[in-house]
Amino acid sequence: MKSYLNRFINTLAILLIIISFSIAFALFYIHLQTSFETKIRTQTEKLAQAMNDGYQLEQNKNFLFSERITHIAHDGEVLFDSRYTDLENHLERTEIQEAMQYNVGSAHRLSSTLETELFYYAIKLNDQTILRLSDDIDSIWAFSFEFIAVIVLLVILVMLFTFIIVKKLIQRFVDPINNIELEQPLSNQAYPELKPLLLKLDAHNQMRKEFSANVSHELKTPLQSIMGYSELILNDMADPEDLKGFNHKIYQEAQRLRNMIEDIISLAKLDEKQIVTEFAPINYKELVEQVLVKLTPQIKKNEIAIQTDLRPVSGEGIHTIIEETFNNLLSNAIKYHGLHPKIWLTLSENQTSVFFIIRDNGIGIAPEDIPRIFERFFRAEKSHNKAIEGSGLGLAIVKHSINLHNGTIEVSSEINRGTTFKVTLPKRRS
Ligand code: ADP
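Residues numbered from 1 in each chain as written. Predicted model: local features only at pLDDT ≥ 70, side-chain atom pairs only at ≥ 80, totals over all residues. Heavy atoms only, no water.

A. Local environment of the side chain of Thr325. Here Thr325 lies in helix α8 (residues 319-335). Discounting residues that sit within four places of it in the chain, Thr325 has contacts with Val398, Ser401 and Ile402. (Helix = DSSP H or I, 4+ residues; strand = E, 2+ residues; numbered from the N terminus. Contact = heavy atoms within 4.5 Å.)

B. Highlighting the sheet that holds strand β1 (residues 68-72). Pairing is antiparallel across the open sheet formed by five strands, whose spatial order is β2-β1-β5-β4-β3. The sheet is open, and its two edges are formed by β2 (78-81) and β3 (104-110), each paired on a single side. In this sheet, neighbouring strand axes are inclined to one another by 20° on average, regardless of whether the strands run parallel or antiparallel. The sheet contact formed by strand β4 (residues 117-124) and strand β5 (residues 130-136) spans seven bridges and is antiparallel. (Pairing = 2+ DSSP bridges. Axes fitted to C-alpha atoms, helices over the stretch in contact; angles between N-to-C directions.)

C. Local environment of a nonpolar patch on the surface. Taken together, the side chains of Tyr4, Phe8, Ile9, Leu12 and Leu16 make up a nonpolar region of the molecular surface, amounting to roughly 510 Å² of accessible area. Residue placement: Phe8 occurs in helix α1 (residues 2-52). For Phe8, a relative accessible area of 47% gives the class partly exposed. (Patch = residues over 30% accessible without salt bridge, like charges linked within 9 Å, V, L, I, M, F, W, Y side chains within 5 Å. Areas by Shrake-Rupley, 256 points an atom, 1.4 Å probe, with all protein chains shown as cover. Salt bridge = Lys/Arg side-chain N within 4 Å of Asp/Glu carboxyl O. Buried < 20%, exposed > 50% of the residue type's maximum accessible area, 1.4 Å probe, protein only.)

D. Focus on helix α9 (residues 394-404). For α9, the buried fraction is high: eight of the eleven residues fall into the buried class. Along α9, the residues classified as buried are Gly394, Leu395, Ala396, Ile397, Val398, Ser401, Ile402 and Leu404. The inward-facing, buried residues of α9 contact α5 (240-272), α8, β11 (408-414) and β12 (418-426). At the exit of α9 stands Asn406, carrying a positive phi of roughly 60°.

E. Region of the structure containing the pattern of salt bridges. Within the structure shown, the criterion is met by 14 salt bridges. Put simply, Arg93 and Glu88 hold a salt bridge, and the shortest N to O gap is 2.3 Å. Overall, Arg93 belongs to the partly exposed group, its relative accessible area being 21%. What makes Glu88 exposed here is its relative accessible area of 51%.

F. Up close: the packing of α8 against α9. With their axes 9 Å apart at the nearest point, α8 and α9 run at an angle of 145° to one another. Where α8 crosses over α9, the handedness of that crossing is left-handed. When α8 is examined against α9, the residues Ile321, Glu324, Thr325, Asn328, Leu329 and Asn332 are found in contact with a partner set consisting of Gly394, Leu395, Ile397, Val398, Ser401, Ile402 and Leu404. (Left-handed = near helix turned anticlockwise from the far one by under 90°.)

G. The arrangement of the nonpolar core in detail. If you look at the biggest cluster of nonpolar residues, it comprises 36 residues, and the most contacted ones within it are Tyr284, Phe326, Leu329, Leu330, Leu345, Phe356 and Ile358. Those elements giving two or more residues to this core turn out to be α6 (284-294), α8, β9 (342-349), β10 (353-360), α9 and β12. Take this core: its biggest share by element is six residues, from α8. Apart from the residues within four sequence positions on either side, Phe326 is in contact with Tyr284, Leu287, Val288, Val291, Phe356 and Leu425. Membership of the second largest hydrophobic core comes to 18 residues, among which are Leu32, Ile40, Phe119 and Leu133. (Core = buried A, V, L, I, M, F, W, Y, C linked by side-chain atoms within 4.5 Å.)

H. Representation of the packing of aromatic side chains within the structure. The final tally for this structure, using the stated rule, is six aromatic pairs. Taking 5.4 Å as the distance between ring centres and 70° as the angle between the ring planes, the aromatic pair formed by Phe173 and Tyr191 counts as edge-to-face. Here Phe173, found in helix α3 (residues 138-178), pairs with Tyr191, found in the loop between α3 and α4 (195-234); they are 18 residues apart in sequence, far enough to count as distant. For Phe173, a relative accessible area of 43% puts it in the partly exposed group. The exposure class of Tyr191 is partly exposed, given its relative accessible area of 21%. Centroid distance Phe326 to Phe356: 3.9 Å. Interplanar angle 20°. Geometry classified as stacked. (Phe/Tyr/Trp six-rings, centres within 6.5 Å; stacked < 30°, edge-to-face > 60°.)

I. Molecular detail of the sheet that holds β11. Taken in spatial order, the five strands make up an open sheet running β7-β9-β10-β12-β11, and their pairing is mixed. Strands at the two margins of the open sheet, each flanked by one partner only, are β7 (305-310) and β11. On average, each strand axis in the sheet is tilted by 10° relative to the strand beside it, whichever way the strands run. Contacting β9, β10, β11 and β12, α8 crosses the sheet at an angle of about 20° to β10.

J. View of the packing of α5 against α9. Between α5 and α9, the least distance of the axes is 10 Å, while the angle of their chain directions is 25°. Considered as vectors, α5 and α9 are oriented roughly parallel to each other. Considering how the two elements wind past one another, α5 and α9 form a crossing that is left-handed. Contacts between α5 and α9 pair Asp263, Ser266, Leu267, Leu270 and Asp271 from the former with Ala396, Ile397, His400, Ser401 and Leu404 from the latter. Looking at the contact of α5 with α9, its residues break down into five nonpolar, three polar and two charged. (Parallel < 35°, antiparallel > 145°, perpendicular 65-115°, else oblique. Nonpolar A, V, L, I, M, F, W, Y, C, P; charged D, E, K, R; others polar.)

K. Local environment of the pairing of β10. A large share of β10 lies buried, amounting to six of its eight residues. Here β9 pairs with β10 via seven bridges, running antiparallel. If you follow Leu345 over to β10, its bridge partner there is Ile358. Remark: three residues form the turn of the hairpin made by β9 and β10, two consecutive strands paired antiparallel. Examined bridge by bridge, β10 and β12 share eight bridges and lie antiparallel to one another. Among the inter-strand pairings, Ser353 is bridged to a residue of β12, identified as Pro426.

L. Geometry of the environment of Tyr229. Tracing the sequence through the fold places Tyr229 in helix α4. Separated by 21 residues in sequence, Tyr229 and Ile250 place their C-alpha atoms 6.8 Å apart. With sequence-adjacent residues up to four places away left out, Tyr229 is seen in contact with Phe246, Lys249 and Ile250.

Rendered as structure tokens:
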């Protein structure tokens with residue numbers, strides 16, 4: 001992770017440094033060019049003013065100006081040039097044409113003799129002659145390039161500095177993550193942004209510990225029962241007429257143990273998402289009917305009236321898991337029944353989803369318990385009597401299974417009135 005972050009931030013920093021220095025250099029160059037041109041313009045204006053006042057160029061050849069000065073007659077003939085003699089007619093030069101027409105003119109041009117760019121500025125004097133000053137623009141390039149060495153050195157220094165800072169910063173961010181004390185996350189000394197992660201880890205640990213404690217407790221209870229009864233039998237302390245009852249108890253408790261272990265294994269598998277690849281077409285109507293057939297003995301035993309409205313709905317999913325989900329919901333509706341028990345099953349669809357609704361008129365769930373029923377090992381107070389068997393794992397499995405299919409489950413319930421679960425599953429894997 002460190003090297004990825006290092007590379008990413010360093011590349012970004014290099015880019016930013018290069019871009020900002022380039023922009024700074026460009027601005028610097030533009031500034032130099034503007035002041036260069038302004039200087040020539042001002043010099044020309046000053047000299048033009050002096051000449052209009054009677055100053056004679058030709059008689060004062062020791063100029064203070066470094067620029068080339070040219071004085072041109074209104075027909076283009078060069079009257080005077082501070083650098084060259086015997087010059088051709090200048091009438092066609094852009095800046096001269098402009099000055100003739102508009103009193104001032106300027107131009108950028110490559111000098112015909114030297115391969116350098118020149119800037120020319122011309123002003124028409126009162127006597128209709130033209131005064132022109134010019135200078136070599138390349139001199140500012142040369143001036144700027146003197147700075148380039150300094151700039152490159154600066155860039156290298158800033159980059160080196162950035163590399164060191166980035167390395168240190170990443171170390172400060174990453175080291176606390178790599179050194180997290182997983183068992184006691186809250187004991188870690190870390191920067192505040194890590195707090196949410198540490199809190200999550202802590203909550204996860206708590207859940208894991210609670211889960212282990214619950215598992216041990218829930219497994220221990222039927223085991224103790226089995227051991228108690230078998231000890232009585234082993235020590236010949238059971239009356240012959242009690243034997244059958246004891247055996248039945250042992251069998252029941254063993255069954256409870258097996259169911260619970262199966263539930264725990266289901267949850268572990270779902271946790272590891274081992275089964276994700278087994279998506280296949282499902283005929284939901286058939287699936288619900290199969291679940292009903294399997295649970296017929298319990299339905300009969302509890303004299304439950306079942307009313308179904310099952311549309312022929314099909315979709316994609318993991319058959320065994322959906323079957324177990326519907327089985328868990330229907331088993332609960334049967335288990336937690338009330339007087340004159342009745343269960344309504346509805347299966348329907350729209351273009352994208354399958355809807356399975358299971359409603360019962362059973363004992364219901366207290367409002368304060370509803371948010372917790374999908375927790376592992378949670379059993380609502382009212383159902384917590386021995387008469388109704390259960391581990392509190394069924395709905396945890398249901399929730400997990402539905403999540404695996406990217407579906408949702410909603411519950412509404414009223415104590416002594418009944419409970420409704422609505423399952424929505426996407427038809428295609430999403
Ligand atoms: P259990 O093994 O206890 O049935 P579940 O996880 O399946 O565990 O359900 C959790 C709790 O939710 C149950 O103990 C019960 O209190 C409540 N519950 C679930 N379904 C129903 C229902 N149809 N009617 C009333 N209570 C229900």
